[in-house]
Amino acid sequence: MPRTAGRHFLQIPGPTNVPDRVLRAIDMPTMDHRGPDFAPLGKAVLEGMKRVFKTSSHVVIYPASGTGAWEAALANTLSPGDAVLMYETGHFATLWQKMALKLGLRPEFISGDWRTGADPQAIESRLREDSAKTIKAVCVVHNETSTGVVSRIAEVRKAMDAAKHPALLMVDTISSLASLDYRHDEWGVDVTVGGSQKGLMLPPGLSFNAVSAKALAASKDAKLPRSFWDWHEMIASNKDGYFPYTPATNLLYGLREALAMLLDEEGLDNVFARHQRHGEATRRAARAWGLEVLAKNPAEYSGSLTAVLMPAGHDADRLRKVILENFDMSLGTGLSKLAGKVFRIGHLGDFNDLTLMGTLAGCEMGLQLAGVPMKKEGVQAAMDYLASCHASPARAAA
Ligand SMILES: *Cc1c(COP(=O)(O)O)cnc(C)c1O
(Lines give C-alpha, C1' and ligand atoms only; values in the text may rest on other atoms or scores of the structure.)
Protein backbone atom coordinates (compact mmCIF):
# COMPACT_ATOMS: atom_id res chain seq x y z
CA MET A 1 0.00 0.00 0.00
CA PRO A 2 1.43 3.43 -0.91
CA ARG A 3 1.70 5.92 1.91
CA THR A 4 -1.25 8.23 2.40
CA ALA A 5 -0.10 11.76 3.20
CA GLY A 6 -1.64 13.78 6.01
CA ARG A 7 -3.56 12.58 9.01
CA HIS A 8 -6.10 9.83 8.80
CA PHE A 9 -9.60 11.21 9.53
CA LEU A 10 -10.87 9.00 12.35
CA GLN A 11 -14.51 10.07 12.36
CA ILE A 12 -16.03 7.03 13.99
CA PRO A 13 -17.88 7.74 17.26
CA GLY A 14 -15.03 6.33 19.29
CA PRO A 15 -12.18 5.72 19.60
CA THR A 16 -11.68 9.38 18.76
CA ASN A 17 -8.68 11.46 17.72
CA VAL A 18 -6.17 11.80 20.56
CA PRO A 19 -4.65 15.30 20.81
CA ASP A 20 -0.86 15.43 20.33
CA ARG A 21 -0.52 16.90 23.80
CA VAL A 22 -2.22 13.87 25.31
CA LEU A 23 -0.03 11.50 23.28
CA ARG A 24 3.06 13.34 24.52
CA ALA A 25 1.82 13.16 28.11
CA ILE A 26 1.49 9.38 27.76
CA ASP A 27 4.99 9.10 26.27
CA MET A 28 6.80 8.95 29.61
CA PRO A 29 8.83 6.30 31.43
CA THR A 30 6.64 3.84 33.31
CA MET A 31 6.45 4.77 36.98
CA ASP A 32 6.31 2.82 40.23
CA HIS A 33 2.62 2.75 40.98
CA ARG A 34 3.37 2.13 44.66
CA GLY A 35 6.02 4.84 44.92
CA PRO A 36 5.62 8.34 46.34
CA ASP A 37 5.29 10.02 42.91
CA PHE A 38 2.18 8.07 42.05
CA ALA A 39 -0.22 9.33 44.73
CA PRO A 40 -0.43 12.95 43.47
CA LEU A 41 -1.27 11.64 39.98
CA GLY A 42 -3.86 9.21 41.34
CA LYS A 43 -5.50 11.90 43.46
CA ALA A 44 -5.48 14.45 40.63
CA VAL A 45 -7.23 12.21 38.12
CA LEU A 46 -9.79 10.96 40.65
CA GLU A 47 -10.63 14.56 41.64
CA GLY A 48 -10.76 15.68 38.01
CA MET A 49 -13.10 12.83 37.06
CA LYS A 50 -15.48 13.86 39.86
CA ARG A 51 -15.73 17.26 38.18
CA VAL A 52 -16.43 15.60 34.82
CA PHE A 53 -19.19 13.39 36.27
CA LYS A 54 -20.40 16.32 38.42
CA THR A 55 -20.37 14.28 41.57
CA SER A 56 -19.03 14.73 45.08
CA SER A 57 -19.27 10.98 45.61
CA HIS A 58 -16.80 8.26 44.53
CA VAL A 59 -15.32 7.70 41.08
CA VAL A 60 -13.64 4.37 40.35
CA ILE A 61 -11.13 3.99 37.49
CA TYR A 62 -10.53 0.58 35.90
CA PRO A 63 -7.81 -0.50 33.47
CA ALA A 64 -10.51 -1.83 31.11
CA SER A 65 -12.66 -0.87 28.15
CA GLY A 66 -16.16 0.47 28.79
CA THR A 67 -17.60 -3.04 28.79
CA GLY A 68 -15.70 -3.71 32.01
CA ALA A 69 -17.30 -0.72 33.71
CA TRP A 70 -20.75 -2.00 32.61
CA GLU A 71 -19.99 -5.28 34.36
CA ALA A 72 -18.68 -3.46 37.43
CA ALA A 73 -21.90 -1.45 37.73
CA LEU A 74 -24.05 -4.60 37.72
CA ALA A 75 -21.75 -6.91 39.68
CA ASN A 76 -21.23 -4.47 42.54
CA THR A 77 -24.87 -3.67 43.19
CA LEU A 78 -27.03 -6.69 42.32
CA SER A 79 -27.64 -10.32 43.33
CA PRO A 80 -28.30 -13.41 41.20
CA GLY A 81 -31.88 -13.42 39.88
CA ASP A 82 -32.49 -9.72 40.50
CA ALA A 83 -34.88 -8.06 38.04
CA VAL A 84 -33.47 -5.06 36.18
CA LEU A 85 -35.44 -2.79 33.86
CA MET A 86 -33.46 -1.93 30.74
CA TYR A 87 -34.46 0.10 27.71
CA GLU A 88 -33.80 -0.92 24.11
CA THR A 89 -32.41 2.28 22.61
CA GLY A 90 -30.13 0.42 20.18
CA HIS A 91 -27.11 -1.87 19.84
CA PHE A 92 -25.27 -0.82 23.01
CA ALA A 93 -28.36 -1.07 25.21
CA THR A 94 -28.86 -4.56 23.75
CA LEU A 95 -25.30 -5.58 24.60
CA TRP A 96 -25.71 -4.37 28.18
CA GLN A 97 -28.93 -6.36 28.44
CA LYS A 98 -27.18 -9.50 27.14
CA MET A 99 -24.47 -8.99 29.71
CA ALA A 100 -27.08 -8.78 32.48
CA LEU A 101 -28.49 -12.12 31.28
CA LYS A 102 -25.04 -13.74 31.28
CA LEU A 103 -24.41 -12.51 34.81
CA GLY A 104 -27.54 -14.30 36.02
CA LEU A 105 -29.79 -11.26 36.36
CA ARG A 106 -33.35 -11.07 35.01
CA PRO A 107 -33.35 -8.13 32.62
CA GLU A 108 -36.70 -6.89 31.42
CA PHE A 109 -36.20 -5.06 28.16
CA ILE A 110 -38.63 -2.30 27.17
CA SER A 111 -38.54 -2.48 23.39
CA GLY A 112 -37.68 0.57 21.33
CA ASP A 113 -37.54 1.58 17.66
CA TRP A 114 -33.79 2.48 17.57
CA ARG A 115 -34.74 6.04 16.55
CA THR A 116 -35.93 7.44 19.87
CA GLY A 117 -34.59 7.52 23.42
CA ALA A 118 -35.80 5.84 26.59
CA ASP A 119 -39.40 6.90 27.23
CA PRO A 120 -39.70 8.16 30.83
CA GLN A 121 -43.47 7.50 30.74
CA ALA A 122 -42.97 3.84 29.86
CA ILE A 123 -40.45 3.47 32.68
CA GLU A 124 -42.81 5.17 35.12
CA SER A 125 -45.78 2.97 34.28
CA ARG A 126 -43.71 -0.23 34.50
CA LEU A 127 -42.35 0.83 37.90
CA ARG A 128 -45.86 1.69 39.15
CA GLU A 129 -46.97 -1.87 38.30
CA ASP A 130 -44.09 -3.26 40.33
CA SER A 131 -45.82 -2.89 43.68
CA ALA A 132 -43.65 -5.63 45.22
CA LYS A 133 -40.55 -3.61 44.24
CA THR A 134 -38.84 -6.58 42.66
CA ILE A 135 -37.05 -4.37 40.10
CA LYS A 136 -33.69 -3.51 41.62
CA ALA A 137 -32.25 -1.24 38.95
CA VAL A 138 -33.20 0.80 35.89
CA CYS A 139 -30.44 0.88 33.25
CA VAL A 140 -30.38 3.44 30.45
CA VAL A 141 -27.79 4.36 27.81
CA HIS A 142 -27.47 8.16 27.81
CA ASN A 143 -26.08 8.56 24.29
CA GLU A 144 -26.90 5.50 22.17
CA THR A 145 -23.86 5.37 19.92
CA SER A 146 -25.49 3.08 17.35
CA THR A 147 -28.25 5.60 16.60
CA GLY A 148 -27.15 9.08 17.67
CA VAL A 149 -30.09 9.41 20.05
CA VAL A 150 -29.82 10.88 23.55
CA SER A 151 -32.08 9.73 26.38
CA ARG A 152 -33.35 12.36 28.80
CA ILE A 153 -31.86 11.14 32.07
CA ALA A 154 -33.24 13.95 34.26
CA GLU A 155 -36.73 12.97 33.09
CA VAL A 156 -36.08 9.28 33.71
CA ARG A 157 -35.13 10.24 37.27
CA LYS A 158 -38.36 12.25 37.64
CA ALA A 159 -40.36 9.29 36.37
CA MET A 160 -38.75 6.99 38.95
CA ASP A 161 -39.47 9.49 41.72
CA ALA A 162 -43.06 9.92 40.52
CA ALA A 163 -43.52 6.15 40.74
CA LYS A 164 -41.94 6.27 44.24
CA HIS A 165 -39.77 3.33 43.26
CA PRO A 166 -36.51 2.58 45.12
CA ALA A 167 -34.63 0.96 42.16
CA LEU A 168 -31.11 2.15 41.47
CA LEU A 169 -30.61 4.26 38.34
CA MET A 170 -27.62 3.22 36.20
CA VAL A 171 -26.56 5.18 33.16
CA ASP A 172 -24.04 4.43 30.40
CA THR A 173 -22.31 7.67 29.37
CA ILE A 174 -19.47 6.03 27.43
CA SER A 175 -20.05 8.18 24.32
CA SER A 176 -21.43 11.28 26.05
CA LEU A 177 -19.16 11.92 29.03
CA ALA A 178 -17.22 15.17 28.46
CA SER A 179 -19.16 15.78 25.23
CA LEU A 180 -22.79 16.24 26.31
CA ASP A 181 -24.20 17.86 29.44
CA TYR A 182 -24.29 15.26 32.21
CA ARG A 183 -24.89 15.61 35.97
CA HIS A 184 -24.48 12.49 38.11
CA ASP A 185 -25.50 14.07 41.45
CA GLU A 186 -28.12 16.54 40.28
CA TRP A 187 -29.91 13.91 38.18
CA GLY A 188 -29.85 11.41 41.03
CA VAL A 189 -27.95 8.73 39.16
CA ASP A 190 -26.60 5.85 41.26
CA VAL A 191 -23.99 4.39 38.94
CA THR A 192 -22.65 6.19 35.87
CA VAL A 193 -20.50 4.19 33.47
CA GLY A 194 -17.85 5.97 31.35
CA GLY A 195 -14.94 5.14 29.05
CA SER A 196 -11.72 6.87 28.01
CA GLN A 197 -11.70 6.64 24.22
CA LYS A 198 -14.60 8.88 23.24
CA GLY A 199 -15.25 12.37 24.67
CA LEU A 200 -12.26 12.16 27.01
CA MET A 201 -9.91 12.12 23.98
CA LEU A 202 -7.75 9.25 25.26
CA PRO A 203 -6.81 5.92 23.75
CA PRO A 204 -9.00 2.95 24.76
CA GLY A 205 -8.11 1.27 28.03
CA LEU A 206 -9.68 3.17 30.93
CA SER A 207 -13.24 3.03 32.16
CA PHE A 208 -15.12 4.52 35.06
CA ASN A 209 -17.92 4.13 37.55
CA ALA A 210 -19.31 7.13 39.41
CA VAL A 211 -20.99 5.67 42.47
CA SER A 212 -23.68 7.26 44.67
CA ALA A 213 -23.93 6.66 48.42
CA LYS A 214 -27.07 4.59 47.73
CA ALA A 215 -25.21 2.38 45.23
CA LEU A 216 -22.35 1.94 47.65
CA ALA A 217 -24.80 0.90 50.37
CA ALA A 218 -26.47 -1.56 47.95
CA SER A 219 -23.07 -3.08 47.18
CA LYS A 220 -22.73 -4.22 50.81
CA ASP A 221 -25.60 -6.71 50.36
CA ALA A 222 -25.15 -7.48 46.66
CA LYS A 223 -24.33 -11.15 46.07
CA LEU A 224 -23.08 -11.32 42.49
CA PRO A 225 -19.49 -12.62 42.59
CA ARG A 226 -16.87 -9.95 41.93
CA SER A 227 -13.20 -9.54 42.62
CA PHE A 228 -11.41 -7.46 39.99
CA TRP A 229 -14.41 -5.10 39.83
CA ASP A 230 -14.96 -4.76 43.57
CA TRP A 231 -15.48 -1.10 44.48
CA HIS A 232 -14.51 -1.47 48.12
CA GLU A 233 -10.86 -2.31 47.70
CA MET A 234 -10.60 0.35 45.01
CA ILE A 235 -12.14 3.06 47.12
CA ALA A 236 -10.04 2.07 50.14
CA SER A 237 -6.76 2.36 48.17
CA ASN A 238 -7.90 5.44 46.24
CA LYS A 239 -8.24 7.36 49.50
CA ASP A 240 -4.45 7.75 49.53
CA GLY A 241 -4.15 8.09 45.75
CA TYR A 242 -3.26 4.42 45.10
CA PHE A 243 -4.90 1.40 43.43
CA PRO A 244 -5.26 -2.18 44.69
CA TYR A 245 -3.68 -3.56 41.49
CA THR A 246 -1.57 -2.01 38.74
CA PRO A 247 -3.42 0.89 37.15
CA ALA A 248 -2.83 1.87 33.51
CA THR A 249 -0.21 4.38 34.65
CA ASN A 250 0.64 5.91 31.28
CA LEU A 251 -3.01 6.36 30.36
CA LEU A 252 -3.44 8.20 33.66
CA TYR A 253 -0.77 10.70 32.56
CA GLY A 254 -2.87 11.19 29.45
CA LEU A 255 -6.03 11.53 31.52
CA ARG A 256 -4.43 14.25 33.65
CA GLU A 257 -3.58 16.18 30.47
CA ALA A 258 -7.04 15.71 28.93
CA LEU A 259 -8.68 16.87 32.17
CA ALA A 260 -6.60 20.04 32.15
CA MET A 261 -7.72 20.73 28.58
CA LEU A 262 -11.41 20.00 29.21
CA LEU A 263 -11.91 21.41 32.70
CA ASP A 264 -9.39 24.22 33.06
CA GLU A 265 -8.58 25.45 29.57
CA GLU A 266 -11.72 25.07 27.46
CA GLY A 267 -14.31 24.57 30.23
CA LEU A 268 -17.01 21.89 30.13
CA ASP A 269 -19.78 24.32 29.13
CA ASN A 270 -17.78 25.39 26.08
CA VAL A 271 -17.03 21.74 25.29
CA PHE A 272 -20.76 20.96 25.39
CA ALA A 273 -21.64 24.00 23.23
CA ARG A 274 -19.02 22.98 20.67
CA HIS A 275 -20.48 19.48 20.40
CA GLN A 276 -24.01 20.86 20.04
CA ARG A 277 -22.84 23.19 17.27
CA HIS A 278 -21.17 20.37 15.38
CA GLY A 279 -24.22 18.14 15.76
CA GLU A 280 -26.47 20.85 14.35
CA ALA A 281 -24.10 21.60 11.45
CA THR A 282 -23.95 17.89 10.59
CA ARG A 283 -27.72 17.49 10.62
CA ARG A 284 -28.07 20.53 8.37
CA ALA A 285 -25.56 18.99 5.97
CA ALA A 286 -27.43 15.67 5.92
CA ARG A 287 -30.77 17.36 5.22
CA ALA A 288 -29.25 19.55 2.51
CA TRP A 289 -27.95 16.37 0.85
CA GLY A 290 -31.56 15.21 0.93
CA LEU A 291 -30.76 12.42 3.40
CA GLU A 292 -32.60 11.60 6.61
CA VAL A 293 -31.12 11.74 10.10
CA LEU A 294 -31.94 8.56 12.05
CA ALA A 295 -32.78 10.39 15.31
CA LYS A 296 -36.46 11.37 15.24
CA ASN A 297 -36.94 13.84 18.09
CA PRO A 298 -35.11 17.16 18.16
CA ALA A 299 -34.98 16.96 21.97
CA GLU A 300 -32.97 13.74 21.59
CA TYR A 301 -30.44 14.76 18.94
CA SER A 302 -26.86 13.84 19.80
CA GLY A 303 -24.01 16.32 19.80
CA SER A 304 -21.44 13.55 19.67
CA LEU A 305 -22.46 11.65 16.56
CA THR A 306 -25.02 11.65 13.76
CA ALA A 307 -26.40 8.50 12.11
CA VAL A 308 -27.53 9.19 8.54
CA LEU A 309 -29.96 6.91 6.70
CA MET A 310 -29.05 5.77 3.19
CA PRO A 311 -31.62 6.02 0.41
CA ALA A 312 -33.26 2.64 -0.34
CA GLY A 313 -31.09 0.45 -2.56
CA HIS A 314 -27.80 2.03 -1.46
CA ASP A 315 -25.43 0.31 0.94
CA ALA A 316 -23.85 2.41 3.68
CA ASP A 317 -20.84 0.11 3.97
CA ARG A 318 -20.04 0.52 0.29
CA LEU A 319 -20.14 4.29 0.78
CA ARG A 320 -17.83 3.96 3.80
CA LYS A 321 -15.42 1.88 1.71
CA VAL A 322 -15.37 4.48 -1.08
CA ILE A 323 -14.69 7.23 1.45
CA LEU A 324 -11.94 5.26 3.19
CA GLU A 325 -10.19 4.33 -0.05
CA ASN A 326 -10.38 7.75 -1.64
CA PHE A 327 -10.13 10.14 1.28
CA ASP A 328 -8.56 8.10 4.09
CA MET A 329 -11.50 8.74 6.40
CA SER A 330 -13.18 6.17 8.67
CA LEU A 331 -16.89 6.58 9.40
CA GLY A 332 -18.96 4.47 11.79
CA THR A 333 -20.70 1.41 10.40
CA GLY A 334 -24.36 0.52 10.94
CA LEU A 335 -24.51 -1.91 13.88
CA SER A 336 -26.65 -5.08 13.95
CA LYS A 337 -30.09 -4.28 12.56
CA LEU A 338 -28.86 -0.98 11.09
CA ALA A 339 -26.05 -2.70 9.13
CA GLY A 340 -25.79 -1.24 5.63
CA LYS A 341 -28.66 1.15 6.35
CA VAL A 342 -26.84 3.97 8.13
CA PHE A 343 -23.41 5.50 8.34
CA ARG A 344 -22.40 7.32 11.49
CA ILE A 345 -20.40 10.53 11.56
CA GLY A 346 -18.52 10.94 14.83
CA HIS A 347 -18.08 14.59 15.82
CA LEU A 348 -16.89 14.15 19.36
CA GLY A 349 -13.63 14.60 21.18
CA ASP A 350 -10.79 16.76 19.90
CA PHE A 351 -12.67 18.33 17.05
CA ASN A 352 -13.16 21.82 15.59
CA ASP A 353 -15.13 23.54 12.84
CA LEU A 354 -12.57 22.80 10.14
CA THR A 355 -12.22 19.15 11.14
CA LEU A 356 -15.97 18.95 10.78
CA MET A 357 -15.83 20.62 7.37
CA GLY A 358 -13.12 18.19 6.22
CA THR A 359 -15.30 15.35 7.45
CA LEU A 360 -18.43 16.60 5.70
CA ALA A 361 -16.50 17.34 2.49
CA GLY A 362 -15.26 13.73 2.54
CA CYS A 363 -18.85 12.54 2.97
CA GLU A 364 -20.18 14.73 0.17
CA MET A 365 -17.47 13.67 -2.28
CA GLY A 366 -17.92 10.04 -1.23
CA LEU A 367 -21.69 10.17 -1.78
CA GLN A 368 -21.03 11.56 -5.25
CA LEU A 369 -18.41 8.90 -6.10
CA ALA A 370 -20.62 6.12 -4.77
CA GLY A 371 -23.46 7.28 -7.00
CA VAL A 372 -25.83 7.98 -4.11
CA PRO A 373 -28.55 10.38 -5.21
CA MET A 374 -28.13 13.64 -3.33
CA LYS A 375 -27.86 17.39 -3.68
CA LYS A 376 -24.32 18.78 -3.46
CA GLU A 377 -25.45 21.35 -0.88
CA GLY A 378 -24.59 19.77 2.47
CA VAL A 379 -21.11 21.24 2.90
CA GLN A 380 -22.42 24.71 2.07
CA ALA A 381 -25.31 24.39 4.55
CA ALA A 382 -22.88 23.38 7.31
CA MET A 383 -20.50 26.24 6.49
CA ASP A 384 -23.33 28.76 6.54
CA TYR A 385 -24.46 27.52 9.93
CA LEU A 386 -20.96 27.46 11.44
CA ALA A 387 -20.20 30.94 10.13
CA SER A 388 -23.45 32.23 11.60
CA CYS A 389 -22.44 30.82 15.02
CA HIS A 390 -19.32 32.96 14.96
CA ALA A 391 -20.94 36.16 13.67
CA SER A 392 -21.10 38.91 16.29
CA PRO A 393 -24.59 39.31 17.82
CA ALA A 394 -24.93 42.72 16.06
CA ARG A 395 -24.13 41.24 12.67
CA ALA A 396 -26.31 38.21 13.19
CA ALA A 397 -29.23 40.52 14.00
CA ALA A 398 -28.60 42.75 10.98
C1 LIG B 1 -18.34 2.36 22.95
C2 LIG B 1 -19.51 2.09 23.80
C3 LIG B 1 -19.60 0.98 24.63
C4 LIG B 1 -18.55 -0.11 24.65
O5 LIG B 1 -17.37 0.33 25.19
P6 LIG B 1 -16.02 -0.51 24.96
O7 LIG B 1 -14.99 0.46 25.42
O8 LIG B 1 -15.96 -0.85 23.51
O9 LIG B 1 -16.09 -1.71 25.82
C10 LIG B 1 -20.70 0.84 25.43
N11 LIG B 1 -21.70 1.74 25.42
C12 LIG B 1 -21.67 2.82 24.62
C13 LIG B 1 -22.81 3.78 24.66
C14 LIG B 1 -20.58 3.02 23.79
O15 LIG B 1 -20.55 4.09 22.98
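Residues numbered from 1 in each chain as written. Predicted model: local features only at pLDDT ≥ 70, side-chain atom pairs only at ≥ 80, totals over all residues. Heavy atoms only, no water.

1. Brief notes about the site of the ligand
So, point 1. Taken together, 13 residues sit near the ligand, with S65, T67, T145, D172 and K198 positioned nearest.
So, point 2. A distance of 2.5 Å is found between an oxygen atom of the ligand and a side-chain nitrogen or oxygen belonging to T67.
So, point 3. Q197 places a side-chain nitrogen or oxygen 2.7 Å from an oxygen atom of the ligand.
So, point 4. Protein contacts shield 88% of the accessible area of the ligand, which totals 380 Å² for the unbound molecule.
So, point 5. Here the element with the most residues in the shell around the ligand is helix α3 (residues 66-77); it accounts for three residues.
So, point 6. Residue composition of the shell around the ligand, grouped by class: four nonpolar, seven polar and two charged. (Near = heavy atom within 4 Å. Polar contact = N/O pair within 3.5 Å; in protein donor to acceptor, adjacent residues only side chain to side chain. Areas by Shrake-Rupley, 256 points an atom, 1.4 Å probe, with all protein chains shown as cover. Helix = DSSP H or I, 4+ residues; strand = E, 2+ residues; numbered from the N terminus. Nonpolar A, V, L, I, M, F, W, Y, C, P; charged D, E, K, R; others polar.)

2. Details of the sheet that holds strand β11 (residues 292-293)
In a beta sheet, neighbouring strands are held together by backbone hydrogen bonds and run either parallel or antiparallel to one another.
So, point 1. Sheet architecture is open: three strands sit in the order β11-β12-β14, paired in antiparallel fashion. This sheet does not close on itself; its edge strands, each paired only once, are β11 and β14 (342-346).
So, point 2. As paired strands, β11 and strand β12 (residues 305-309) are joined by two bridges and run antiparallel to one another. What sits directly across from V293, in β12, is V308.
So, point 3. Sheet contacts for helix α10 (residues 268-289): β11, β12 and β14; angle to β12, the most-contacted strand, approximately 10 degrees. (Pairing = 2+ DSSP bridges. Contact = heavy atoms within 4.5 Å. Axes fitted to C-alpha atoms, helices over the stretch in contact; angles between N-to-C directions.)

Structural measurements only, silent on function.
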